[in-house]
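Single-letter residue listing:
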Amino acid sequence: MKFFGQEIKHPEKLDLHQFNDHAHHDIENLKQDIHSSWGKIAPTWPLKNLIAVNPLMGFDSLPFEQALVEAEKYFLQKEIPQQMLEVNRHSIKWLQAFYDQGQSSIAMPLRHLGLLHSTLMLLKHDRSLVQRGSWQQAWLEALPESAEEIIQSCLSFLNIEKDDYALMMTLMLTTLPGWSAYTKYRCEWADAADQQQHVVSESEYLAFRLLLTCLIWPDAQELLIWHHTISPNQTNQDKFLDGLHKSEQQYQHRLLNQLSKQKPPVDMHCPSAQWIFCIDVRSEPFRRALESTGDYQTLGFAGFFGLPISVRDQITDDNYASCPVLLKPQFEIQQSPCCDHEHHQRGHLRMQGLKRIYQSLKYNFTTPFNLVETLGLATGLWMGLKSLVPNLALKLKSTASQTIRTNFVNDIDISGIPLEQQINQSANALKMMGLCKNFAPLVIFCGHGSATQNNAYATALDCGACGGRHGGTNAQVLAKMLNQSSVRNALAEMNIIIPDDTVFLAAQHNTTTDEVEIFSEETSDHFAHNLEKIKNDLVQARHKNSAWRLAQLYPQKSDAQPALTTQHHAQDWAQVRPEWGLSKNASFIIGPRWLTQQVDLEGRSFLHSYEWNEDKEASSLTTILTAPMIVTHWINSQYFFSTLDNIAFGGGSKISKNITGKIGIMQGNASDLMHGLPLQSVFKNDDEPYHECLRLSVMVYAPHEMIKSVIDQHSNLQKLFANGWIHLFCLDPVSKQQYQLSQELVWTPLN
Amino acid sequence: MLNLPLFNFDALSLLMICLVGFIGLVVGSFSLRYMAGDRKKKAFFVQLALLISSISILVSADFMPLLVLAWWVSNLLLCRIMLHKSEWAAAKASAHLALKNFTLGAIALASAVAILGWSSGTWQISALKFSSIPTMAMAFSGVLILIAALSQSAIWPFHRWLLSSLNSPTPVSALMHAGLVNGGGFLIARFAFVFLEQAWLMQWVFILGSITALLGTCWKLMQHDVKRMLACSTMGQMGFMLAECGLGLFAAAISHLIWHGMFKAYLFLNSGSAATEKRVLLNTHPSKLHFLIAICLGGLGAISFAYVSQRPLLPHDTSLFIHVLAWVACTQGALSVLQSQFRFNLLIAAAVSVLIAMIYAGNLSLIEYLLEPMQILVPQSMVAIHWIVLGLLLIVWLLMFLRYMLPEQSYVPGWRLRLYVSMLNASQPSAKTVTAHRNHYQY
C-alpha cells in the first residue's frame with residue numbers, strides 16, 4: 001500500500017491551517033480557471049439519445065492543424081503516470097455508481113447530496129484508501145464545505161503554483177476524458193429530469209477528481225512535469241495533413257465539377273407528389289431511387305421539420321424532446337391510440353405486470369435461484385430459435401406481444417400548439433424548405449429512424465435533428481397542422497396559397513430496411529388510388545436503395561433479394577453493422593434539387609433545399625448556416641475523429657463493450673466512458689476504415705456577396721471557416737463562378 | 001493394457017455434452033455475424049471448436065488422468081479464448097488471473113486423482129465406487145477435489161477471476177457462463193461418492209456454497225454495469241449449485257447448472273439491450289393484506305410443486321430447501337401480480353403462482369429423471385447449519401421489502417455506509433484488469 005510511505009513523507013500536509021492563508025486567494029480567479037479547464041472538454045450524450053458532437057469542440061477556436069497538435073498532447077498519449085491509473089480506477093468506480101440511471105437495484109446511498117458530498121461521505125469509509133487514524137482520514141475530516149474551497153485546498157496540498165491551476169485542472173479532466181465529457185453533458189445539456197435528481201456541477205467533478213488525487217498521489221504535481229515533456233510528433237502530423245488536403249481537394253474538385261455541369265430546368269411542372277426528406281446523408285440515395293420510380297419532386301429539410309416539440313405518450317407517460325439538442329422544446333404533443341383507448345391502456349398495464357413479475361424475481365434475493373430454473377428451458381429454446389431461425393423467432397415474438405398488447409396507430413394531438421403558433425411554424429417551415437407555390441396534390445413529409453436489435457448504439461442511427469429519435473411524429477404534426485383550413489386560410493393571407501385538393505401526409509423512412517411507412521388518415525377513392533401507386537413505387541425504391549446499400553456493406557457479394565437481407569439486418573440480434581449510418585459523409589449542399597438530381601452523390605452529402613431568389617433578406621440562409629450546418633459539422637467531426645483514432649475518440653469494438661448505468665459504454669471490466677462511435681460503425685474490419693476522414697465541404701448555391709454578408713454577422717461561423725474546420729464553397733448563380741472561402745475569409749474564384 | 005476404457009458415456013456426461021454442444025452452436029452462429037471483421041475471427045472459431053471438443057472429453061472421461069488432462073486443456077483454451085486480443089493489457093491480466101486460478105485447481109485435481117488412484121489401485125472413476133479407499137485418502141482427495149471445484153466455479157474466496165473476466169468478447173462470456181464455470185458442480189457430482197461418505201465435507205461444501213450464494217446475489221444487486229452484474233449473478237448461482245451439492249441434491253445441482261447456463265448465456269448475448277431495458281417500479285411497498293394473500297397463494301404454488309414433482313409437501317430432509325424456495329418464488333410472483341393492475345388480479349396471482357411452481361417442478365424433474373440411473377439424489381437429514389442458512393435466505397428476502405420503505409433522502413447510519421463501501425470494493429475486478437487509461441485499450 002502506497003499510503004504507508006506517504007504518512008511519513010507528508011506530515012506537513014496535516015497542517016491544515018496553512019489553507020486558511022490561501023483561502024484569501026481570489027475565488028473568482030479560481031472560477032475562471034475552472035471554467036477555462038472545462039472549455040477543453042466537449043460534451044457527450046447518453047445512450048438514450050446519442051447526438052453527434054465534435055469531440056474537439058473545445059479546440060475549435062484554434063486552427064484545425066493546431067487543434068490536432070493540442071489533441072495529441074491531451075488525448076492521444078499512450079501512457080499516463082502510473083499513479084494516475086490508480087486515481088482513475090477509483091474515479092471510475094464512484095462515477096459508475098453516481099451516474100447509474102437504473103442498472104443497480106441497490107443504488108449508491110446519499111446521491112441526493114450531489115457527486116462531491118456523497119462520495120466524500122463514502123470515501124471516509126473506504127478502507128482501501130483511508131485507513132482508520134491515517135493522515136488521510138484527518139485531512140478529509142478537515143476539508144472545507146464548498147466545491148471551490150475544496151479545489152483550492154487540494155491544489156495547495158499538491159503544491160501547485162497558481163499559474164498552473166488551470167493546467168492541473170485541465171489534466172484532471174483530460175486524463176479521464178470520457179467521464180469528463182459525460183459530466184459536461186450533465187452540467188450543461190441534460191434535461192432537468194436527469195440533472196435535478198442527482199446534482200453535479202463542473203466544480204464538484206473537479207473537486208472529486210482532485211480529492212482522489214490527493215489521497216492516492218500526493219506528489220501529483222509530477223503530472224505537470226509529465227505534461228510538459230510531451231512533444232507531439234510533427235512528421236506524422238504533417239504526413240496526415242498532406243494526405244488529408246489531397247483527398248479533400250480530390251473530393252471537392254470532382255463534386256464541384258459535377259455540380260457545375262447541371263442546368264436549371266426550363267419549365268416548372270407540377271409533380272404528382274412532393275416529398276420532403278431529412279437532410280441526412282442517407283436520404284440522398286433514397287431520394288434518387290424514389291425519383292427514378294415516378295413523377296416525384298423531393299426536397300431536403302432538417303428532419304424535425306422546424307418544430308421545437310416534445311412528445312408525451314398518453315399510454316406509457318413517456319416524454320421526450322423531439323427537436324435538435326440546441327433547442328428547447330416549446331410545445332408538448334400528446335400521442336395516444338386512435339381508438340379504444342381503454343383497451344390499449346389495459347394492454348399496456350398487462351405488459352407492465354408481466355415485466356414486474358419477471359423483474360421482482362430477478363432483481364431480488366433468494367428468488368433468482370428459482371427463476372433461472374423456471375425460465376431456463378424457455379430461454380434456451382428462445383435463444384436457439386433466435387440464432388438459428390431468426391425469422392420464425394421474430395414472428396413468434398410479435399404474435400406473443402400482440403396477444404398481450406395489441407398494436408395500434410398513434411394519433412397525434414396538436415392542441416398543445418396555439419393556432420397562431422401553428423400558423424407561424426408552418427409558414428416558417430414552408431419558407432425554409434422553399435415550398436411556397438406549385439404544391440403537388442400530395443405533399444409528404446418523411447421523417448426517419450432506424451430499426452436494430454440488441455444495439456446499444458441504436459439512437460446514433462436515428463434522426464439527430466430530432467434529438468436522436470424517430471422523426472415520424474414531427475412529420476405527422478406538420479402534416480396535421482397544414483391540413484387544417486384555419487391554418488391554410490391564414491397562410492393564404494401571407495401569400496402561401498395551398499390548393500384545396502392538396503393533401504399533406506406524414507411518413508417515416510426506416511434507414512435500416514428502406515421501408516417507408518405512410519401515416520395515412522384520408523380515405524377518399526381518388527386518394528386511395530394515388531396512395532396505391534405510391535406504395536408500389538416505394539417498394540421499388542426500397543429494392544433499389546437496399547441493393548445499393550448492400551453493395552457498400554458487402555462489395556464482394558451480389559444480393560438477389562436485397563430487401564429481405566436488409567430486413568434480416570434489422571432483426572438480427574448478432575448484427576454489428578446493421579447499416580453504415582452516416583459513414584462517408586463529406587459535404588453539405590445547400591441549393592435547389594436540380595443542382596444535384598442528376599449526380600450520384602454516393603450517399604455522402606447532406607442536402608438542404610434552398611432557393612436564394614426567394615430569400616431576399618437572407619434570413620433562411622442565416623438559419624441554414626447557423627443551425628443545420630453546425631449540426632452537419634458536428635456529425636462530420638464525430639465520424640472524422642472516431643475514424644482517426646477509434647480508441648481516443650471512438651467507442652472501440654462492440655465485441656467487448658459493456659453498458660454501464662444505462663448511460664454509456666465501457667470496454668471490458670471497467671474503463672473510461674467510451675464516447676464516440678464504435679469501431680464497427682466506421683471500420684470495415686479491425687484494420688480498414690470504411691469512413692473516409694474528410695472535413696465537411698459546404699456548397700451553397702447563392703450569390704457570394706449574400707453568403708459573405710451572413711458570415712460577417714456571425715462570429716461563430718467566422719471562427720469555423722477561418723480555422724479550417726469547414727470548407728465553404730459558393731456556386732454563384734449570378735456570376736456563374738465558383739468560389740472558395742479562404743481561411744482569411746476572402747472569396748477565391750476557382751474556375 | 002490397451003483396452004483401457006477411457007470414456008464412460010453415462011446420463012451425466014450425455015447431458016453435459018448436449019448442453020455444451022447446444023450453447024456452442026448458438027454462440028457459434030451468433031459469433032458468425034457478431035465477430036464480423038475481427039482480425040482474430042478465424043482463430044476464435046478454431047479455439048471455440050477445440051474448447052467444445054475438449055469439454056466433451058472432460059465430461060465423458062472415465063480414466064482419471066484423461067479427466068485431469070482434459071480439465072487442464074479446457075481451461076488453457078478458455079484462457080486463450082478469453083484473452084482474444086493480447087495487445088490489450090487488461091485482457092491479458094484477466095486471462096493471467098484466470099490461468100493462475102485454474103492452475104491451482106488443476107494441481108488440486110491432479111493430486112486428488114493421484115491419491116485416489118494409488119490408494120484404490122484403480123484409475124477408473126466408475127470402478128472407484130466399488131473399491132475400498134482408506135479414510136485418510138478419501139478425506140484428502142475430497143478436500144482437493146473441493147478446492148478444484150471451488151476455483152473452477154468461482155466460489156468464495158476463489159471468485160476474483162470471474163468478476164475480472166469481462167474483458168473477453170461477449171460470446172466468450174456467454175459460453176463460459178454456461179460452460180466451464182459449471183465445472184465445479186460437475187466435478188462434485190462426478191465424485192459424489194467421495195463426498196457422500198464424509199458428512200463434514202458435505203457441510204463445508206454447503207457452507208462455502210451458501211456464503212457465495214449470498215455474497216454473489218448481494219453484489220449482483222449493487223453493480224452498475226450489465227456485465228459485472230451478470231458475473232456476480234453467476235457467482236451467486238454457482239454458490240447455490242454448490243450448496244445443493246452440499247445438501248446431497250446432486251441431481252438438483254445439475255439441473256440448476258443446466259438451466260442457469262441457458263438463461264445466463266442468453267442474457268450475455270442480449271446484453272447490448274441493457275440500456276433500453278426499462279425497470280418497472282419495484283419499490284412500492286406491499287400492503288399487509290396483499291402480503292398475506294400472496295403467502296397463501298405461494299402455499300398453493302408449493303402444493304402444486306409437490307404434486308408435479310411427486311414429493312411430500314414438507315419433506316423431512318434437505319429437499320425441504322427446494323420446497324421452501326419454490327414457495328418463496330411463488331409468493332413473490334403472486335405478490336407482484338397483486339401489486340400490478342391486471343383485471344382479475346387474484347385469479348391471475350393464483351395462476352402465476354401455480355405456473356411458476358409447475359414449470360420449476362417440471363424442469364427440475366426432467367433432469368432428475370434423466371439422471372436417475374446415476375443415483376445422485378441423496379437428500380441428507382436437516383442439521384443446525386441447514387436451518388440457519390434456510391432462515392437467512394428467508395430473512396434477506398424479507399429485508400428486500402424493507403428497502404422499499406426507505407425514501408432515498410433519509411438519513412443513512414454509518415454502519416450502512418461502511419457496509420456499502422466494503423461490499424462495493426469487494427465486488428470490484430482485480431486492479432490490473434481495469435483499463436484505467438483509455439489508450440491502454442486495444443482492439
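Predicted, not measured: the structure shown is a model, and the values here were computed from it.

Q: Would you explain the overall build of chain B in this entry?
A: Helix and strand counts for chain B stand at 18 helices and zero strands. At 22 Å, chain B has a C-alpha radius of gyration in line with the 22 Å of a compact globule built from 443 residues. Overall size of chain B, expressed as C-alpha extent along the three principal axes, is 70 × 60 × 45 Å. Counting only residues that meet the buried cut, chain B has 54% of its 443 residues in that class. Across chain B, contacts joining residues at least 24 apart in sequence account for 80% of those joining residues at least 6 apart.

Q: Is there a simple way to think about the environment of A:Ser153 in this case?
A: Residue and element names in this part refer to chain A. Tracing the sequence through the fold places Ser153 in helix α8 (residues 147-157). Overall, Ser153 belongs to the buried group, with 23 C-beta atoms counted inside 10 Å. Spatially, the C-alpha atoms of Ser153 and Leu210 are 9.5 Å apart, while their sequence positions differ by 57 residues.

Q: I tried to follow the interface of chain A and chain B on my own but got confused; where do I start?
A: As a measure of interface size, the accessible area lost when the parts come together is often cited. Counting residues at the interface gives 94 residues for chain A and 96 residues for chain B. Residue assignment for the side of chain A that touches chain B shows that the elements contributing at least two residues are α5 (82-98), α6 (114-123), α10 (177-188), α16 (341-362), α17 (367-388), β12 (657-660), β13 (664-667) and α27 (679-682) of chain A. At 17 residues, α17(A) tops the list of elements feeding residues into the side of chain A that touches chain B. Here the side of chain A that touches chain B is composed, by residue class, of 36 nonpolar, 40 polar and 18 charged.

Q: Can you help me understand the domain arrangement of chain B in this one?
A: Residue and element names in this part refer to chain B. Looking at chain B, the domain boundaries give domain 1 (11-272) and domain 2 (288-407). The interface of domain 1 with domain 2 comprises 22 residues on the first partner and 21 residues on the second. Every element with two or more residues in the side of domain 1 that touches domain 2 is listed here: α1 (11-34), α10 (192-196), α11 (199-222) and α13 (250-269). The leading source of residues in the side of domain 1 that touches domain 2 is α13, at seven residues.

Q: How do you make sense of helix α29 (residues 715-722) of chain A when you look at a structure like this?
A: Working note: α-helix, 3.6 residues per turn, so residues spaced by three or four point in the same direction. Residue and element names in this part refer to chain A. For α29, the set of buried residues is Leu717, Leu720 and Phe721. Buried residues of α29 fall within an arc of 95° about the axis and therefore sit on the same side. With its phi angle positive at about 75°, Gly724 sits one or two positions after the end of α29.

Q: Would you explain the sheet that holds strand β15 (residues 726-731) of chain A in this entry?
A: Pairing between sheet strands relies on hydrogen bonds along the backbone, with the strands arranged either parallel or antiparallel. Residues and elements named next belong to chain A. Taking strand neighbours across the sheet as the criterion, the six strands line up as β11-β10-β14-β15-β16-β17 in an open arrangement whose pairing is mixed. With partners counted over all chains shown, the strands left at the sheet margins are β11 (605-608) and β17 (747-749), one partner each. Taken pair by pair, the neighbouring strands of this sheet meet at an average axis angle of 20°, ignoring direction. With three bridges joining them, β15 and strand β16 (residues 738-741) adopt antiparallel strand pairing. From the neighbouring strand, Cys730 faces β16, where its bridge partner is Tyr739. Across the sheet, helix α26 (residues 628-644) is in contact with β10 (587-590), β11, β14 (696-700) and β15; its angle to β14 comes to roughly 155°.

Q: Can you walk me through the pairing of strand β2 (residues 296-301) of chain A in this structure?
A: One face of the sheet, then the other: side chains in a regular strand alternate in exactly this way. Residues and elements named next belong to chain A. Counting buried positions along β2 gives six out of six residues, so the element sits mostly inside the fold. In β2, alternate side chains face the same way, and those of Tyr296, Thr298 and Gly300 on one face and Gln297, Leu299 and Phe301 on the other are all buried. Where strand β1 (residues 273-278) and β2 come together, six bridges link them in parallel fashion. Opposite Trp275, over in β2, you have Thr298 as the bridge partner. Taking the sense of rotation as the criterion, the β-α-β connection linking β1, helix α15 (residues 283-291) and β2 turns out right-handed.

Q: Could you clarify how one ought to interpret unusual backbone geometry in this entry?
A: Excluding glycine, residues mostly have negative phi values, and the peptide bonds linking residues are mostly trans. A cis geometry characterises the amide bond from B:Trp156 onward to B:Pro157, with omega recorded as 5°. Relative to the elements of secondary structure, B:Pro157 occurs in the loop between α6 (135-152) and α7 (160-163). One non-glycine residue, A:Asp317, lies in positive phi territory at about 65°.

Q: Teacher, can you tell me more about the packing of α16(A) against helix α15 (residues 320-339) of chain B here?
A: Between two packed helices, the angle of one axis relative to the other and the distance separating the axes together describe the packing. Closest axis-to-axis distance for the α16(A)/α15(B) pair is 9 Å, and the angle between their directions is 145°. Seen from above, α16(A) lies across α15(B) with right-handed handedness. Residues A:Gly353, A:Arg356, A:Ile357, A:Ser360 and A:Leu361 of α16(A) lie in contact with α15(B), whose contacting residues are B:Ala329, B:Gln332, B:Gly333, B:Ser336, B:Val337 and B:Gln339. The residue makeup of the contact of α16(A) with α15(B), split by class, is four nonpolar, six polar and one charged.

Q: Sorry if this is basic, but what is going on with the domain arrangement of chain A here?
A: Residues and elements named next belong to chain A. Segmentation of chain A into domains returns domain 1 (2-229), domain 2 (233-263 + 585-646 + 683-751), domain 3 (270-305 + 317-324 + 417-581) and domain 4 (325-404). Computed from C-alpha atoms alone, the centre-to-centre distance between domain 1 and domain 2 is 38 Å. Contacts between the two partners involve 14 residues from domain 1 and, on the opposite side, 14 residues from domain 2. Looking at side-chain class alone, the side of domain 1 that touches domain 2 contains 10 nonpolar, two polar and two charged residues.

Q: Honestly, the confidence of the model for chain A in this entry has me stumped. Any pointers?
A: The predicted coordinates should not be examined in detail at positions where pLDDT is low. Here chain A shows a mean pLDDT of 90. Residues at 70 or above account for 95%. Throughout residues 1-20 of chain A the model reports pLDDT below 50, and contacts reaching past four residues in sequence, or to other chains, amount to 18 contacts.

Q: Before we go on, may I ask you to explain the sheet that holds strand β3 (residues 309-313) of chain A in this structure?
A: Residues and elements named next belong to chain A. Read from one edge to the other, the open sheet built from four strands follows the order β4-β3-β5-β6, with strand pairing classed as mixed. In this open sheet, the two strands that pair with only one neighbour each are β4 (319-322) and β6 (410-413). Across the sheet, the mean angle from the axis of one strand to that of its neighbour is 30°, orientation sign disregarded. Strand direction decides the pairing type here: β3 and strand β5 (residues 331-337), joined by five bridges, are parallel. By the bridge assignment for β5, Val311 is matched with Ile333.

Q: What is the right way to look at the packing of α6(B) against α11(B) in this model?
A: All names here are of chain B. Following both chains from N to C, one finds α6 and α11 inclined at 15°, their axes separated by 11 Å at the closest point. One finds that α6 runs roughly parallel with respect to α11. As for how α6 packs across α11, the hand of that crossing is right-handed. Contacts from Gly142, Leu146 and Leu150 of α6 reach α11 at Leu201, Trp204, Val205 and Leu208. Residues belonging to the contact of α6 with α11 are distributed by class as follows: six nonpolar, one polar and no charged.

Rules behind the numbers
Residues numbered from 1 in each chain as written. Chains lettered and ligands numbered in written order. Predicted model: local features only at pLDDT ≥ 70, side-chain atom pairs only at ≥ 80, totals over all residues. Helix = DSSP H or I, 4+ residues; strand = E, 2+ residues; numbered from the N terminus. Rg over C-alpha atoms; globule rule 2.2 N^0.38 Å. Buried ≥ 20, exposed ≤ 12 C-beta atoms within 10 Å, placed from the backbone. Contact = placed C-beta atoms within 7 Å. Nonpolar A, V, L, I, M, F, W, Y, C, P; charged D, E, K, R; others polar. Domains from an automatic or database assignment. Arc of directions from axis to C-beta. Pairing = 2+ DSSP bridges. Axes fitted to C-alpha atoms, helices over the stretch in contact; angles between N-to-C directions. Right-handed = clockwise from strand over helix to strand, strands pointing away. Left-handed = near helix turned anticlockwise from the far one by under 90°. pLDDT = per-residue confidence, 0-100. Parallel < 35°, antiparallel > 145°, perpendicular 65-115°, else oblique.

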